[in-house]
Amino acid sequence: MDSETVVEMKTQIESDMDRDTVSALMDGRLRGAELSSALQTMQRAEACERWHVYHVIGDVLRSPELAAGARDAEFMQRLRARLAAEAADLMENYKFNCM
């Protein structure tokens, strides 16, 4: 395994951990050391962006007016791209795990 592959794997693991950490933090499920660790994770730009995305998703789910998506076209474009990338990652992992 070359060093580029190792870096990509580490980045993917950190990204997965960020997702879980941000979700748990938003749900109020963290206490003590886990909470401290999550707050450290929130120092990363990707975690902060995910925090924002998760809150916007929650707002849209609770508000039909926001569901129209016309207020922030740039955000919607980024969200679509991220969802497509995550779907591609899931499919790649599915293929890998099934072989």
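These notes cover the structure that comes with them. Quick caveat, the model's predicted, so the values are computed rather than measured.

### Section: the overall build of the protein
Logical step 1: When you go through the protein residue by residue, the secondary structure sums to five helices and zero strands.
Logical step 2: The N-to-C order of helical and strand elements in the protein reads α-α-α-α-α.
Logical step 3: A total of 99 residues make up the protein; the buried ones form 19% of that total.
Logical step 4: Contacts spanning at least 24 positions in sequence make up 49% of the contacts within the protein whose residues lie at least 6 apart.
Logical step 5: Counting only carbon and sulfur atoms, one obtains 58% of the accessible surface of the protein, whose full area is about 7,700 Å².

### Thoughts on the pattern of salt bridges
Logical step 1: Enumeration according to the criterion identifies six salt bridges in this entry.
Logical step 2: Residue R19 pairs with E86 through a salt bridge whose shortest N-O separation is 3.7 Å. A residue pair is termed long-range when its members are at least 10 positions apart, and R19 in helix α1 (residues 3-26) and E86 in helix α5 (residues 73-98) qualify at 67 residues.
Logical step 3: For the salt bridge of R78 with E74, the shortest nitrogen-to-oxygen distance reads 3.2 Å. Of this pair, R78 and E74 are both found in helix α5, four residues apart, which corresponds to roughly one turn of the helix.

### Focus: the environment of A24
Logical step 1: Relative to the elements of secondary structure, A24 occurs in helix α1.
Logical step 2: What makes A24 buried here is its relative accessible area of 8%.
Logical step 3: Sequence spacing of A24 and A38 is 14 residues, and the spatial spacing of their C-alpha atoms is 8.7 Å.
Logical step 4: Ignoring anything within four residues of it in the chain, the contact list for A24 reads R29 and L30.

### Observations concerning empty space enclosed by the protein
Logical step 1: All chains considered together, the criterion is met by one cavity of 30 Å³ or more.
Logical step 2: As a volume, the largest cavity reaches approximately 30 Å³.
Logical step 3: Around the largest cavity, the lining residues are E49, V53, F75, R78, L79 and R82.
Logical step 4: Per-element tally for the lining of the largest cavity: the top contributor is α5, with four residues.

### As for helix α3 (residues 45-62)
Logical step 1: Here α3 spans 26 Å end to end across 18 residues, near enough to the 26 Å set by a 1.5 Å rise per residue.
Logical step 2: Three or more residues of α3 are buried, namely A47, R50, V53, V56 and G58.

Cut-off values and rules
Residues numbered from 1 in each chain as written. Predicted model: local features only at pLDDT ≥ 70, side-chain atom pairs only at ≥ 80, totals over all residues. Heavy atoms only, no water. Helix = DSSP H or I, 4+ residues; strand = E, 2+ residues; numbered from the N terminus. Buried < 20%, exposed > 50% of the residue type's maximum accessible area, 1.4 Å probe, protein only. Contact = heavy atoms within 4.5 Å. Areas by Shrake-Rupley, 256 points an atom, 1.4 Å probe, with all protein chains shown as cover. Salt bridge = Lys/Arg side-chain N within 4 Å of Asp/Glu carboxyl O. 1 Å grid on protein atoms, 1.4 Å probe; cavity = no way out; pocket = protein on both sides within 12 Å on 5 of 7 lines; lining within 4 Å. Points joined across faces, edges and corners; volume = space filled by probe spheres on them. Expected span 1.5 Å × (residues − 1).

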